[in-house]
Amino acid sequence: MKTALITGVTSGFGKAFAIRLARSGNYKLIITGRRRERLEEIAEILRRDFNCETEALCFDIRDRESCEWAVQSILESNTHIDVLVNNAGLAAGTSSFDESDTNDFDRMIDTNVKGLLYITKQIVPLMIAQQSGHIVNISSIAGIEVYPNGSVYCASKHAVNAITKGLRIDLVKHGIKVSSISPGMAETEFSVVRYHGDQEKAAAVYKGLIPLSAEDIADALEFILTRPGHVSINDIQINPTQQANTYISHRKQ
Ligand code: NDP
Ligand code: 8X3
């Protein structure tokens with residue numbers, strides 16, 4: 001039985017990842033998020049429907065001390081973490097740089113970059129001690145291309161890619177795999193969060209095309225995690241068929 005820690009499991013990709021790994025029957029799960037009720041609900045589903053041993057840790061990944069507390073509490077009952085999926089993240093705001101809110105900058109950088117670093121820094125020593133492990137960072141096509149009104153979100157995902165590559169270099173001598181997944185448009189709560197709760201604007205993002213689903217991204221994670229020991233997937237880029245890149249989508253009316 002392997003142990004996987006997945007951040008941001010209260011919705012979207014994280015929830016789909018947790019269900020996919022639980023369904024495989026090969027994992028004990030540690031799941032995180034800020035919304036306690038949802039987190040407990042999902043933990044209960046994983047235990048009841050998939051007979052999956054699940055530990056739920058409710059904390060804000062932006063808070064370094066909470067990250068340290070969370071990982072220390074994990075270590076009391078787990079001596080092994082085989083897989084870390086750094087998924088928790090968000091975009092906030094869709095304004096041009098000059099009109100954007102610096103609170104949104106903080107939310108994105110603190111969550112997508114610093115939160116990912118805090119958790120990873122805590123887990124890496126354990127993986128080094130094991131001389132094995134697999135870190136999967138959820139990046140984005142925003143880490144590959146930069147688009148209008150997305151400079152800071154794109155910067156945060158470019159940073160995720162740099163961290164992914166840097167970790168791969170520094171951890172290769174310990175037999176630790178480091179992968180990323182770079183999705184295009186996927187319908188989750190992502191756009192509702194990006195539009196600060198405006199459901200109508202969020203729905204318009206996907207109008208006229210079939211976006212990716214969280215399940216599609218879980219397919220990519222499953223592929224990455226089921227390769228043989230000598231095979232490491234660096235990155236999977238995955239777009240809806242109707243999205244050529246961040247600029248060009250073919251929408252049907
Ligand atoms: P969702 O909004 O559906 O899920 C985001 C998850 O991250 C939630 O579980 C949320 O939990 C958690 N999270 C956010 N902020 C924090 C925080 N400060 N502390 C702890 N957990 C946090 O979006 P997605 O599933 O779409 O997004 C998952 C990842 O995928 C993100 O990194 C995103 O950037 C990336 N991505 C998304 C794409 C898309 O089109 N949907 C495409 C490419 C990449 P809670 O609010 O309970 O804390
Ligand atoms: C989310 C995908 O295209 O909105 O990371 O940047 S996109």
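Sequence order as written defines the numbering, with residues in each chain counted from 1. Chains carry letters from A onward and ligands carry numbers from 1 onward, assigned in written order. With the structure being a predicted model, the display of local features is reserved for residues of pLDDT at least 70 and the display and counting of side-chain atom pairs for 80 or more, all residues being used for whole-chain, interface and lining totals. As a convention, hydrogens and water are excluded, and side-chain values are obtained from all of the structure's heavy atoms.

### A look at the site of ligand 1
A cutoff of 4 Å decides nearness: a residue is near a molecule or strand if any of its heavy atoms lies inside that distance of it. Surveying the vicinity of ligand 1 reveals 29 residues, the closest of which are Thr 10, Ser 11, Arg 34, Tyr 153 and Thr 188. Any pair of nitrogen or oxygen atoms within 3.5 Å is treated as a polar contact; in protein, a donor-acceptor pairing is required on top of that, and neighbouring residues in sequence qualify only through side-chain atoms on both sides. The contact in question runs from an oxygen atom of ligand 1 to an N or O atom on the side chain of Tyr 153, over 2.7 Å. Taking Ala 186, its main chain carries an N or O atom lying 2.9 Å from an oxygen atom of ligand 1. In isolation ligand 1 has 880 Å² of accessible area, and contact with the protein removes 96% of it. Throughout, the protein atoms alone are placed on a 1 Å grid, and a set of points is a cavity if a 1.4 Å probe fits but cannot get out or a pocket if it is open with protein on both sides within 12 Å along at least five of seven lines; lining residues have an atom within 4 Å of a point. In this scheme, a molecule is assigned to a cavity or pocket if more than half of its atoms are within 2 Å of the grid points. Taken atom by atom, the bulk of ligand 1 overlaps the largest pocket. Secondary structure elements follow DSSP: runs of H or I of four or more residues count as helices, runs of E of two or more count as strands, with numbering from the N terminus. Looking at the shell around ligand 1, the elements that each hand over two or more residues are helix H1 (12-24) and helix H5 (151-171). In the scheme used here, Gly and all other residues not listed as nonpolar or charged are polar, with Ala, Val, Leu, Ile, Met, Phe, Trp, Tyr, Cys and Pro taken as nonpolar and Asp, Glu, Lys and Arg as charged. For the shell around ligand 1, the class distribution of residues is eleven nonpolar, twelve polar and six charged. Surface accessibility in these figures is a Shrake-Rupley result with a 1.4 Å probe; residues are shielded only by whichever protein chains are displayed.

### Considering the environment of Ser 132
Relative to the helices and strands, Ser 132 is located in the loop between helix H4 (102-130) and strand S5 (133-138). Summary of the burial criterion: residues with accessible area below 20% of their type's maximum are buried, those above 50% are exposed, and those between are partly exposed, where the area comes from a 1.4 Å probe applied to protein chains only. What makes Ser 132 partly exposed here is its relative accessible area of 25%. What makes two residues a contact is simply this: any of their non-hydrogen atoms within 4.5 Å. Dropping the residues within four chain positions of it, Ser 132 is found in contact with His 80, Met 127, His 174, Gly 175 and Ile 176.

### Quick word on the layout of surface pockets
With a probe scaled to a water molecule rolled over the atoms, the places where space remains empty come into view. Grid points are joined across faces, edges and corners, and a volume is the space filled by probe spheres set on the points. Computed from the structure, the largest pocket encloses a volume of approximately 1,200 Å³. Lining of the largest pocket is provided by 49 residues; of these, Leu 90, Ala 91, Tyr 153, Phe 190 and Ser 191 occupy positions nearest its centre. Mapped onto the lining of the largest pocket, the elements with two or more residues apiece are H1, strand S2 (27-33), H4, H5 and helix H6 (190-194). Considered class by class, the residues forming the lining of the largest pocket number 20 nonpolar, 20 polar and nine charged. Counted as a void, the second largest pocket has a volume near 200 Å³.

### What about the sheet that holds strand S3 (residues 54-58)?
The seven strands lie next to each other as S3-S2-S1-S4-S5-S6-S7, forming an open sheet whose pairing is parallel. At either end of the open sheet lies a strand with only one pairing partner, and these are S3 and strand S7 (235-238). Across the sheet, the mean angle separating the axes of adjacent strands is 15° when strand polarity is ignored. Strands are treated as partners if at least two bridges between them are detected by DSSP. Alignment of strand S1 (residues 2-6) against S2, held across five bridges, turns out to be parallel. Note that in S2 the partner of Leu 5 across the bridge is Ile 30. Only the stretch in contact is used when a helix axis is fitted, and all axes are lines through C-alpha atoms; the angle between N-to-C directions ranges over 0 to 180 degrees. Where H1 meets the sheet, its contacts fall on S1, S2, strand S4 (83-86), S5 and strand S6 (176-183), and the angle it forms with S2 comes to roughly 165°. Against the sheet, helix H8 (residues 214-225) contacts S2, S4, S5, S6 and S7, and its axis sits at roughly 160° relative to S6.

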